[in-house]
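Coordinates in review
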Amino acid sequence: MARSPLTATSLGDHRYDDRLDAHSPAAGEASRAQRDRFLARAKAIPVASLSPSDATTLELFVETLEANKGADVCHADEWGLSARSNATTVLGSLSDLQP
């Protein structure tokens, strides 16, 4: 939640209400490194020790992280532009998130 304060606030976690999401290259690299650590830890979990539903959840989690890692070559954070999701719209929604 600390890496995405706006998401935290929108989910009701108000510990980070005084912060905005970081969009610097360093923040992106830190996020990718954290994702890679999560992926390594998830792959180390012995699937045989899990219930069927937990094994499915783990498989989906690993697949999602691997897909995100595979998309790194696109550098979407450098060229992405959206009329619905940009700095202006994000900042404009802050008042909706605050109690």
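Everything below is about the structure shown above.
A brief report on the enclosed structure follows.

Scoring rules and cut-offs
Residues numbered from 1 in each chain as written. Predicted model: local features only at pLDDT ≥ 70, side-chain atom pairs only at ≥ 80, totals over all residues. Heavy atoms only, no water. Helix = DSSP H or I, 4+ residues; strand = E, 2+ residues; numbered from the N terminus. Rg over C-alpha atoms; globule rule 2.2 N^0.38 Å. Buried < 20%, exposed > 50% of the residue type's maximum accessible area, 1.4 Å probe, protein only. Contact = heavy atoms within 4.5 Å. Areas by Shrake-Rupley, 256 points an atom, 1.4 Å probe, with all protein chains shown as cover. Core = buried A, V, L, I, M, F, W, Y, C linked by side-chain atoms within 4.5 Å. 1 Å grid on protein atoms, 1.4 Å probe; cavity = no way out; pocket = protein on both sides within 12 Å on 5 of 7 lines; lining within 4 Å. Points joined across faces, edges and corners; volume = space filled by probe spheres on them. Nonpolar A, V, L, I, M, F, W, Y, C, P; charged D, E, K, R; others polar. Expected span 1.5 Å × (residues − 1). Salt bridge = Lys/Arg side-chain N within 4 Å of Asp/Glu carboxyl O.

Examining the overall build of the protein
- Assigned secondary structure in the protein consists of 6 helices and 0 strands.
- Shown N-terminal to C-terminal, the secondary structure of the protein runs as helices and strands in the order α-α-α-α-α-α.
- Taking 2.2 N^0.38 as the reference for a compact globule, 99 residues should give roughly 13 Å; the C-alpha atoms of the protein span a radius of gyration of 16 Å, well beyond that estimate.
- Relative to its full complement of 99 residues, the protein shows a buried share of 15%.
- In the protein, the proportion of contacts linking residues at least 24 apart, taken out of those at least 6 apart, comes to 46%.
- When the accessible surface of the protein is summed, it comes to about 7,400 Å², and 59% of that surface belongs to carbon and sulfur atoms.

Quick word on the nonpolar core
- Counting 5 residues, the largest nonpolar core consists of L39, A42, L58, V62 and L65.
- Put simply, the parts of the chain that give this core at least two residues each are α2 (25–43) and α3 (52–70).
- Here the element with the most residues in this core is α3; it accounts for 3 residues.
- Contacts of L39, omitting those with residues within four sequence positions, involve V62, L65, E66 and K69.

A short note on empty space enclosed by the protein
- Evaluated as defined, the whole model comprises 1 cavity of 30 Å³ or more.
- Every element with two or more residues in the lining of the largest cavity is listed here: α1 (5–10) and α6 (94–97).
- Here the lining of the largest cavity is built from residues that sort into 4 nonpolar, 2 polar and 2 charged.

Some remarks on α3
- Between its first and last C-alpha, α3 extends 27 Å over 19 residues, near the 27 Å set by a 1.5 Å rise per residue.
- Against the buried residues of α3 lie α2.

Concerning the pattern of salt bridges
- The full count for this structure, using the stated rule, is 7 salt bridges.
- Two residues, D36 and R35, come together in a salt bridge whose shortest N-O distance is 2.9 Å.
- Judged by relative accessible area, D36 falls into the partly exposed class, the value being 28%.
- A salt bridge links D72 to R35; the nearest nitrogen and oxygen atoms lie 2.6 Å apart. Taken together, the positions of D72 in the loop between α3 and α4 (76–79) and R35 in helix α2 put the pair 37 residues apart, joining distant regions of the chain.

Read these as layout, nothing more, since geometry by itself doesn't imply function.
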